[in-house]
Amino acid sequence: MHYRFMALATLCVALLLSAIPTALAQGKPQSDLSAIQRLDVMRSKLDSLRRSLNNAISALTPKSTDKKEAVDDPRQRLQGLEEEVGSILSEVNDIRGKQERSERYDATVLDRLETSVVDIDTRVQAGLQATASARTASAASGRAPAKKKKKGKFFGLFGGGGEDKYADLTGEVAPGRDRVLFEEAVKQVRKGSHETGRLLFTTIINTYPDSPFLALAKLAIADSFYLEGTTSNLIQAAQAYQDWLTFFPTDPLADDAMLKVAESEMRQMGLADRDITHARKAEQRLKVLMQQFPQTKLRPDVEQRLRDVQENLAMHNLQIGNFYYKAKYEQQKGGLKGAQSRYREIVEKYPDFSFMDEVLFRLAATYQQEEEPDEAAKYYQQILRNHPNSEFGEKAREQLSIIGAPIPEPDPARKNMPPPVRPGMLGNLLQQVSGRADVTVDKNGVLISKDGKEGTDLIDEALKYNGQLPTNITPKAPIQRTNPKPAPANSTPSSGAQNVTPVTTSAPASAPAKP
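Residues numbered from 1 in each chain as written. Predicted model: local features only at pLDDT ≥ 70, side-chain atom pairs only at ≥ 80, totals over all residues. Heavy atoms only, no water.

**A closer look at the packing of helix H3 (residues 74–100) against helix H4 (residues 108–130)**
The N-to-C vectors of H3 and H4 enclose an angle of 160°; their axes lie 10 Å apart at closest approach. Regarding the angle of H3 to H4, the classification is roughly antiparallel. For the pair H3 and H4, the sense of crossing is left-handed. Looking at the contact of H3 with H4 residue by residue, the class counts come to 15 nonpolar, two polar and five charged. (Axes fitted to C-alpha atoms, helices over the stretch in contact; angles between N-to-C directions. Helix = DSSP H or I, 4+ residues; strand = E, 2+ residues; numbered from the N terminus. Parallel < 35°, antiparallel > 145°, perpendicular 65-115°, else oblique. Left-handed = near helix turned anticlockwise from the far one by under 90°. Nonpolar A, V, L, I, M, F, W, Y, C, P; charged D, E, K, R; others polar.)

**Details of the side chain of Asn233**
Along the chain, Asn233 turns up in helix H10 (residues 231–247). When residues no more than four places from it in sequence are discounted, the contact partners of Asn233 are Arg198, Phe225 and Glu228. (Contact = heavy atoms within 4.5 Å.)

**Some details on the packing of aromatic side chains**
Taken as a whole and judged by the stated rule, the model has eleven aromatic pairs. The interplanar angle of 65° and the centroid separation of 6.4 Å between the aromatic rings of Tyr325 and Tyr343 together place this pair among those described as edge-to-face. Of the two residues, Tyr325 sits in helix H13 (residues 299–330) while Tyr343 sits in helix H14 (residues 336–349), which places them 18 residues apart along the sequence. An aromatic cluster is present here, built from Phe182, Phe201 and Phe213 joined pairwise through their rings. In this structure, Arg198 packs its charged tip against the face of Phe225, placed 4.0 Å from the ring centre. Across the ring face of Tyr325, the terminal group of Arg362 is positioned such that the distance to the ring centre comes to 5.1 Å. (Phe/Tyr/Trp six-rings, centres within 6.5 Å; stacked < 30°, edge-to-face > 60°. Lys NZ or Arg CZ within 6 Å of the ring centre and 35° of its normal.)

**So, helix H7 (residues 177–191)**
Between its first and last C-alpha atoms H7 spans 21 Å; for 15 residues at 1.5 Å apiece the expected length is 21 Å, and the two agree. Those residues of H7 that sit buried are Arg177, Asp178, Leu181, Phe182, Glu184, Ala185, Val186, Gln188 and Val189. Just downstream of H7, Gly192 is the residue with a positive phi angle, here 95°. (Expected span 1.5 Å × (residues − 1). Buried < 20%, exposed > 50% of the residue type's maximum accessible area, 1.4 Å probe, protein only.)

**What to know about the pattern of salt bridges**
When the charged atoms of two side chains lie near each other, side chains of opposite charge can form a pair. For the structure shown, the criterion picks out 25 salt bridges. Arg123 is the salt-bridge partner of Asp119, the closest N and O atoms lying 3.1 Å from each other. In this pair, Asp119 and Arg123 both sit in helix H4, four residues apart, roughly one turn of the helix. Classification of Asp119 as partly exposed rests on a relative accessible area of 40%. Measuring nitrogen to oxygen at the nearest pair gives 2.8 Å for the salt bridge that ties Glu263 to Lys260. Here the residue Glu263 and the residue Lys260 both occupy positions in helix H11 (residues 254–266), the gap between them amounting to three residues, near one helical turn. An identical accessibility class is assigned to Glu263 and Lys260; each is buried. Through salt bridges that share partners, Arg38, Asp111 and Glu114 make up one connected network. (Salt bridge = Lys/Arg side-chain N within 4 Å of Asp/Glu carboxyl O.)

**Description of the packing of H14 against helix H15 (residues 356–369)**
Taken N-terminus to C-terminus, the directions of H14 and H15 make an angle of 140°; their axes are 9 Å apart at the nearest point. Relative to H15, the element H14 lies oblique. When the axes of H14 and H15 are compared, the crossing they make is left-handed. Where H14 abuts H15, its residues Leu336, Gln340, Tyr343, Arg344, Ile346 and Val347 lie against Met356, Val359, Leu360, Arg362, Leu363, Thr366, Tyr367 and Gln369. Of the residues belonging to the contact of H14 with H15, the class tally is nine nonpolar, three polar and two charged.

**A short note on the environment of Arg342**
Examined against the element boundaries, Arg342 turns out to sit in helix H14. With relative accessibility at 23%, the residue Arg342 sits in the partly exposed group. For the pair Arg342 and Tyr324, spaced 18 residues apart in the sequence, the C-alpha separation amounts to 9.4 Å. Beyond its immediate chain neighbours, meaning those up to four positions away, Arg342 contacts Asn317, Ile320 and Gly321.

**Overview of unusual backbone geometry**
One non-glycine residue, Glu371, lies in positive phi territory at about 60°. By secondary structure assignment, the location of Glu371 is in the loop between H15 and helix H16 (373–386). With relative accessibility at 71%, the residue Glu371 sits in the exposed group. Backbone geometry places Asn466, a non-glycine residue, at a positive phi of 55°. Mapping Asn466 onto the fold places it in the loop between helix H19 (458–464) and strand E1 (468–470). The exposure class assigned to Asn466 is partly exposed, which follows from its relative accessible area of 38%.

Spatial relationships are all this shows, so hold off on functional conclusions.
This is the structure:
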């Protein structure tokens, strides 16, 4: 018998050890994202870097064919970075293929690849900034950009049928070209060609570091991800808005960008009985927004979104508490303390929860079960005082009579307050099918709205005033004007015209925006 027991124990240990590599490779990573999502974000970033590098390389000619003399050649430097990006991208694609085929791999490789992507991104941006002057000099020397064949494609995105209409824009540096790029990028995003728009915005950032459109181009890239709206895009939108806030924390649009970070998380929220990671992140972002911008004009929107997010979080706790509560009373198992802690957390953190009457009743019941009648009475009385029309009111009154505690009068201000609306069977079914939380979000970007036409968005005002935003425009897309239009840039106001100071989006010290 002893030998048989030892054999079974050995077999169990062997099975457990054999399952560890698979669990590491295909279990949930340390990140909040799935392995596929992490790989897709990395691949999208690397593709963008590669296209930016190829675009910059095409605008340069090598100094010399001699390798020794070409050490300091900007073109050689960019080509070296392009090879590194290609190598990392190849590895990302290889791991993604293994993930799709359910093959085993070391899960720590995802962390290493993410570190490599961050590192190469920093070096590529530095390289593009450092070689911008060389590309400007190349254009000034009169070198004509190479003609593309009819079958050529712009960044691999457009088919043939004539010369690439973007070749002159992206392959040559010239004064005023940043504005043309900006206008074309906006058109592409509005047409739904988000990737093309992002590449044109990126060309401004990498080629015109002193452009007055620099900050707006960075923000418009984040908008393009947000407008596209897939899970992968929303992940990148949140990152892009956060990166923009790192560079421009005092910009007049900073509160709008911070709200978009929160809304990017909210759009990924699931139902209350599912993962609440995105809800917690959104709650944190919204609270930080109100702390950093207490006077923001967006405060009503922020408060509404915070209520929605906290409703989801409170419902999550209620469902878990009810699970423990049910285990105690129906299955005669432990869990009373677990239920009590969940209910108490709702009372303390989410006082506006729409199902607070149920929470108070169940919390009181847990104390009553633990033979703490004074604590139980306190919560029963809160139901009668603050939720006089609750379906739990009569039960609370009965329990107070049993305890021998006084029955309070309802709060006069709450006498006509209707009971919370409980979703019906059909409503619950539709929610389960959609899998999405019922939250209020604005699907427009900061500068560009989802269905906006030319002349209706904040980005159109930025174009009108050469990268500057008038102070009398509410920083929100679509535009909401409350004052007369400011005088266009470079125009002389009449004697009766209002003098409006345009606001230039702030830029880092290394790349100041032009006034």
